[in-house]
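Listed below are the residues making up each chain.
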Amino acid sequence: MSSSPIDQYREKWPWFDHLMYMNERYNTQGGNFYAAAITYFSVLSLFPLLMLAFGITGLVLRGRPQTLATIQEKITSSVDGELGNTLTTIVDQAVSQAGAVFSIGALIALWTGLGWMSNLRFGVSKQWKVDPTGDNFFIAKLRDLGGLIGLLIALIIAFGVTAIGSSGLTRRILEWVGLGGVPGISILVRIVAILIGVLANFLVFYWLIGFLPRAEVPKKSVVQGAILGAIAFEIFKQLGSLFFSNALSNPAGAAFGPIIGVMALLYFVWRILLYASAWAATTPQARREFGTTPPETAIIRPVVQEKSGVSASTVAGVGAAAGALGTVGLGVARKIRRWRKR
């Protein structure tokens, strides 16, 4: 039987075979489902994080009354009428209640953040076909807490490098150091910023792919998945920066663009992570160590065997026929005896 063109390409190109393995693993292990679940908890975690940020800002302003007065003056000068007074009152209340806002935001952020990390761990572990529920409950939560803190720091660094490289800050720094007039310096700096961003992405993905599964995974496979994820993530960050810069340039985009853009951004980020995990989990080394190498194709050949001798069904049929003939013979013999007596 002839093989399909896809099978022929898989036999011809190992990279294409690996790509198909990755796609099959991602789909069979519910990659889209986990990406959506992680996105939900990511968005849910944004609101307590904002509360936490407001609480920290309020605590800082409480100790710096001059800075607070300057902010209130700018609000009053920028917004006329009753609205300016209302905003000033809101700022005063936020500063006075900064401790409560910080405490509530910290508790809710902790709860939603641990749920976020749990879904991340489940999604990545499923791509490795590893049970994500092996640890003790309290130990697992402590590990998730440490992972949450590390993930937030890593994401801030990764996005910060891209934001600095794509903003006008780089040009101002070059002008400040006297290199603004050098031909091609802006392009060179942009390339260096992208390379640094890819390196930061690699560290993030290496940590996520290698740290989240509760099993010892092959490091070489993790490196391959992290490289793939880092490059894809950097491309997506560059496109995302263009999207946000254009979306915020009009009133409608400024009103609805941020939340929609954040949801779409996070969804595709987690899809990149799970695809990179599936790539790492389907390398030849990973399939050997985790026992996921598919068996050879079974070939079924029907064999017809002829058995010599009399079968059981034949014996049973002959026995039944003999019994019937015996019954008929007895009946005939009885009738002959009765006829002779007469």
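Keep in mind it's a predicted model, so treat the numbers as computed, not measured.

Engineer: So what's going on with the overall build of the protein chain? Which residues, and what values?
Structural biologist: Within the protein chain one finds 13 helices and zero strands. Order of helices (α) and strands (β) in the protein chain, N terminus to C terminus: α-α-α-α-α-α-α-α-α-α-α-α-α. A buried classification covers 32% of the 342 residues belonging to the protein chain. The long-range fraction of contacts in the protein chain, counting pairs at least 24 apart against all pairs at least 6 apart in sequence, stands at 79%. If you sum the accessible surface of the protein chain, you get close to 21900 Å²; carbon and sulfur atoms cover 68% of it.

Engineer: Go over the packing of helix H1 (residues 5-12) against helix H2 (residues 14-28) with me, naming the residues and quoting the values.
Structural biologist: Look at H1 against H2: their axes get within 5 Å of each other, and the N-to-C directions meet at 120°. By the angle class used here, H1 and H2 are oblique. Of the residues in H2, those touching H1 at Ile6, Tyr9, Arg10 and Lys12 are Pro14, Phe16, Asp17, Met20, Tyr21 and Glu24. By residue class, the composition of the contact of H1 with H2 is six nonpolar, no polar and four charged.

Engineer: Please provide a residue-by-residue account of the environment of Arg271, values included.
Structural biologist: Along the chain, Arg271 turns up in helix H11 (residues 251-281). Given the relative accessible area of 22%, Arg271 is considered partly exposed. Each C-alpha atom, one on Arg271 and one on Gly31, is 7.2 Å from the other, the two residues being 240 residues apart in sequence. When residues no more than four places from it in sequence are discounted, the contact partners of Arg271 are Tyr26, Asn32 and Ala35.

Engineer: Kindly report on empty space enclosed by the protein, identifying the contributing residues and their values.
Structural biologist: Following the criterion strictly, the structure yields one cavity of 30 Å³ or more and no others. Lining the largest cavity are Leu155, Val204, Phe205, Leu208, Phe233, Val269, Trp270 and Leu273. Elements represented by at least two residues in the lining of the largest cavity include exactly helix H9 (185-211) and H11. Grouping the constituent residues of the lining of the largest cavity by class yields eight nonpolar, no polar and no charged.

Engineer: Break down the nonpolar core for me, with residues and values.
Structural biologist: Counting 41 residues, the largest nonpolar core has Trp116, Leu120, Trp128, Phe205, Ile209, Trp270 and Leu273 as its most contacted members. If you list the elements that add at least two residues to this core, you get H2, helix H3 (31-62), helix H6 (98-128), helix H7 (137-166), H9, helix H10 (219-247) and H11. Ranked by the residues each element gives to this core, the list is headed by H11, at twelve residues. In this structure, Ile209 is in contact with Val124, Trp128, Val217, Val222, Gly225, Ala226, Leu273, Ala276, Ser277 and Ala280, ignoring residues within four places of it in sequence.

Engineer: Please give an account of the confidence of the model for the protein chain that cites residues and values.
Structural biologist: Of the residues in the protein chain, 68% reach a pLDDT of 70 or more, and the chain-wide mean stands at 74. The weakest mean pLDDT in the protein chain belongs to helix H13 (residues 312-341) at 55; the strongest belongs to H2 at 90. Throughout residues 293-298 the model reports pLDDT below 50, and contacts reaching past four residues in sequence, or to other chains, amount to four contacts.

Engineer: Tell me about the pattern of salt bridges, residues and numbers included.
Structural biologist: Evaluated as defined, the whole model comprises two salt bridges. Between Asp17 and Arg10 there is a salt bridge whose closest N-O contact spans 2.7 Å. Of the two residues, Asp17 and Arg10, both sit in the buried class. The partner of Arg10 in a salt bridge is Glu24, and the shortest N-O contact between them spans 3.0 Å. Placement of Arg10 in helix H1 and of Glu24 in helix H2 is noted, with a sequence separation of 14 residues between them. Among the ionic contacts, a cluster of salt bridges with common partners joins Arg10, Asp17 and Glu24.

Engineer: Outline the side chain of Ser277, supporting the account with residue identities and numerical values.
Structural biologist: Topologically, Ser277 is positioned in helix H11. Not counting residues within four places of it along the chain, the set of residues in contact with Ser277 comprises Val124, Gln127, Trp128 and Ile209.

Engineer: An account of a nonpolar patch on the surface is requested, with residue identities and associated values reported.
Structural biologist: On the surface, Leu110, Leu142, Leu145, Ile149, Ile153 and Ile157 cluster together into a nonpolar patch covering about 550 Å² of accessible area. Looking at the nonpolar patch element by element, the count peaks at five residues for H7.

Engineer: Tell me about the packing of H3 against H6, residues and numbers included.
Structural biologist: Viewed as axis vectors pointing N to C, H3 and H6 meet at an angle of 155°, and their least axial separation amounts to 7 Å. The pairing of H3 with H6 is recorded here as roughly antiparallel in orientation. Remark: the crossing between H3 and H6 carries left-handed chirality.

Engineer: An account of the environment of Ile259 is needed here, citing residue identities and associated values.
Structural biologist: The residue Ile259 is located in helix H11 in this model. Expressed as a C-alpha distance, the spacing of Ile259 and Val43, which sit 216 residues apart in the sequence, is 8.8 Å.

Engineer: Explain the packing of aromatic side chains to me, using residue names and the numbers behind them.
Structural biologist: A full pass over the atoms with the stated rule returns 14 aromatic pairs. Look at Trp15 and Phe16: their rings are 5.9 Å apart centre to centre, the planes differ by 85°, and that puts the pair in the edge-to-face class. Judged by its relative accessible area of 53%, Trp15 is exposed. Overall, Phe16 belongs to the buried group, its relative accessible area being 14%. Ring pairs connect the aromatic residues Tyr9, Trp13, Trp15 and Phe16, which therefore count as one cluster. For the cation-ring pair, Arg10 lies above Tyr21, with the distance from its terminal atom to the ring centre recorded as 4.9 Å. In this structure, Arg287 is placed above the aromatic ring of Tyr21, and the distance from its NZ or CZ to the ring centre is 4.1 Å.

What counts and how
Residues numbered from 1 in each chain as written. Predicted model: local features only at pLDDT ≥ 70, side-chain atom pairs only at ≥ 80, totals over all residues. Heavy atoms only, no water. Helix = DSSP H or I, 4+ residues; strand = E, 2+ residues; numbered from the N terminus. Buried < 20%, exposed > 50% of the residue type's maximum accessible area, 1.4 Å probe, protein only. Contact = heavy atoms within 4.5 Å. Areas by Shrake-Rupley, 256 points an atom, 1.4 Å probe, with all protein chains shown as cover. Axes fitted to C-alpha atoms, helices over the stretch in contact; angles between N-to-C directions. Parallel < 35°, antiparallel > 145°, perpendicular 65-115°, else oblique. Nonpolar A, V, L, I, M, F, W, Y, C, P; charged D, E, K, R; others polar. 1 Å grid on protein atoms, 1.4 Å probe; cavity = no way out; pocket = protein on both sides within 12 Å on 5 of 7 lines; lining within 4 Å. Points joined across faces, edges and corners; volume = space filled by probe spheres on them. Core = buried A, V, L, I, M, F, W, Y, C linked by side-chain atoms within 4.5 Å. pLDDT = per-residue confidence, 0-100. Salt bridge = Lys/Arg side-chain N within 4 Å of Asp/Glu carboxyl O. Patch = residues over 30% accessible without salt bridge, like charges linked within 9 Å, V, L, I, M, F, W, Y side chains within 5 Å. Left-handed = near helix turned anticlockwise from the far one by under 90°. Phe/Tyr/Trp six-rings, centres within 6.5 Å; stacked < 30°, edge-to-face > 60°. Lys NZ or Arg CZ within 6 Å of the ring centre and 35° of its normal.

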